[in-house]
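Given next are the chains, with one letter for each unit.
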Amino acid sequence: FTTGELFKRFNIPALLGYIAAGILFGPNLIAVLFEIAQSTDPALAQSVFGDAPQGVFSRKVIEDLALINVLTVGVIGTMGGGELKISDIKDSWRVILLVITLIILTAIPLTFGAVFGLAQLPVDLVGFLIDAPVEDQLAGALMLGILSIAMSPAATLAIIQETRARGSFTSLVLGVVVVADLALVAIFLVGFSLSKLLVSPEGFSG
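Residues numbered from 1 in each chain as written. Predicted model: local features only at pLDDT ≥ 70, side-chain atom pairs only at ≥ 80, totals over all residues. Heavy atoms only, no water.

Right, let's get into the packing of aromatic side chains. Per the counting criterion, the structure on display carries 2 aromatic pairs. Taking the centre distance of 6.2 Å and the plane angle of 0 degrees together, the rings of phenylalanine 112 and phenylalanine 116 count as stacked. Taken together, the residues span about one helical turn, with phenylalanine 112 and phenylalanine 116 both in helix H8 (residues 93-120) at a distance of 4 residues. Taken together, a centroid distance of 6.0 Å and an interplanar angle of 5 degrees make the contact between phenylalanine 188 and phenylalanine 192 stacked. On the criterion of helical spacing, the pair formed by phenylalanine 188 and phenylalanine 192 is a turn pair, its members being 4 residues apart in helix H11 (residues 168-199). Taking relative accessible area as the criterion, phenylalanine 192 reaches 40% and is therefore assigned partly exposed. (Phe/Tyr/Trp six-rings, centres within 6.5 Å; stacked < 30°, edge-to-face > 60°. Helix = DSSP H or I, 4+ residues; strand = E, 2+ residues; numbered from the N terminus. Buried < 20%, exposed > 50% of the residue type's maximum accessible area, 1.4 Å probe, protein only.)

Structure below.
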C-alpha cells in the first residue's frame, strides 16, 4: 500500500506500485539475484545472501495468504460483473470481437514462434523445452502462445476504479477484457487437448 501511495505521488497508478512491491519483496527476484551471484562469486553470494535467501515475503507467507487471494479474485469477479453492462456489449460487440480476433491472430502465433525458436537455441532460455522432443516443444510453445492472450480483469478494474474512469471507451476496454477471458478458456481447452495428442506415445493424427 505504501509503495502504491508513493507511485501515486508521481502520477503513476497505485496498482503498478503494488506489483513493484510484490517483485521487490517477494521470493523470486532475490532467488534470481542469488543464482547470478553464485555463478559469478560464490563467496560474495554467501556473505550477502546467506545460505537460504528469501524475500521479505517468503513462499510460506504467500501460501498463508492463498485464502485471501481466492476471496479477492471472487470479489473482483463480482465487481467486474457489476461494472459491465450487457447493453454496452450489445452496442459495441463488433468492435469487441474485432479487437479480440486481432489479439488472437497476432499474440498466439508470435509467442508460439518465439518460444519454439528459443527452444532451438543452445542457450538455456526456455530450459524446460531444451533437448525435449520436437512434439513436446510444439506442445509447450502452443500452450504458452495461448496463455499470452490472457488479460487481467483485476488490473483493469483497479485502474478504472482508481482513475474513476467512465464512458464508452471504459466500457469497451472492460468488455474486451471480460470477453477475451471467456474466449481464452475455450481456446485453452482446445489447445490443451491438441498438446496432449502431440505428446502422447501414439503421436498426433487426424
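This brings us to the pattern of salt bridges. Across all of its chains, the model carries 2 salt bridges by this definition. Here aspartate 64 and lysine 60 are joined by a salt bridge, their closest N and O atoms 3.1 Å apart. Of this pair, aspartate 64 and lysine 60 both sit in helix H5 (residues 59-64), 4 residues apart, which is roughly one turn of the helix. Neither residue differs from the other here; aspartate 64 and lysine 60 are each classed as exposed. (Salt bridge = Lys/Arg side-chain N within 4 Å of Asp/Glu carboxyl O.)

What follows deals with the packing of H8 against helix H9 (residues 134-147). Packing of H8 against H9 leaves a shortest axis separation of 8 Å and a crossing angle of 145 degrees. Pair H8 / H9 crosses with right-handed handedness. Where H8 approaches H9, its residues Ala107, Ile108, Thr111, Phe112, Val115, Phe116, Ala119 and Gln120 are matched on the opposing element by Val134, Gln137, Leu138, Ala141, Leu142, Leu144, Gly145 and Ile146. Taken together, the residues of the contact of H8 with H9 sort by class into 12 nonpolar, 4 polar and no charged. (Axes fitted to C-alpha atoms, helices over the stretch in contact; angles between N-to-C directions. Left-handed = near helix turned anticlockwise from the far one by under 90°. Contact = heavy atoms within 4.5 Å. Nonpolar A, V, L, I, M, F, W, Y, C, P; charged D, E, K, R; others polar.)

Moving on, we get to H8. Taking 1.5 Å as the rise per residue, H8 with 28 residues should run 40 Å; its terminal C-alpha atoms sit 40 Å apart, in good agreement. By the burial criterion, the buried members of H8 are Ile96, Ile100, Ala107, Ile108, Val115 and Ala119. (Expected span 1.5 Å × (residues − 1).)

So, on to the packing of H9 against H11. At their nearest, the axes of H9 and H11 sit 9 Å apart, and the two run at 175 degrees to each other. Taken together, H9 and H11 sit at an angle that is classed as roughly antiparallel. In this structure, H9 uses Glu135, Asp136, Leu138, Ala139, Leu142, Met143, Ile146 and Leu147 to contact H11, whose residues at the interface are Leu184, Ile187, Phe188, Gly191, Phe192, Leu194, Ser195, Leu198 and Val199. (Parallel < 35°, antiparallel > 145°, perpendicular 65-115°, else oblique.)

Of all hydrophobic cores here, the largest spans 6 residues; its members are Ala107, Ile108, Leu142, Ile146, Ile149 and Leu184. Mapped onto this core, the elements with two or more residues apiece are H8 and H9. Discounting chain neighbours no more than four positions away, the residues touching isoleucine 146 are Ile108, Leu184, Ile187, Phe188 and Gly191. (Core = buried A, V, L, I, M, F, W, Y, C linked by side-chain atoms within 4.5 Å.)

Quick look at the side chain of serine 195 now. Locating serine 195 in the fold gives a position in helix H11. Overall, serine 195 belongs to the buried group, its relative accessible area being 6%. Residues within four places of serine 195 in sequence aside, it is in contact with Ala139, Leu142 and Met143.

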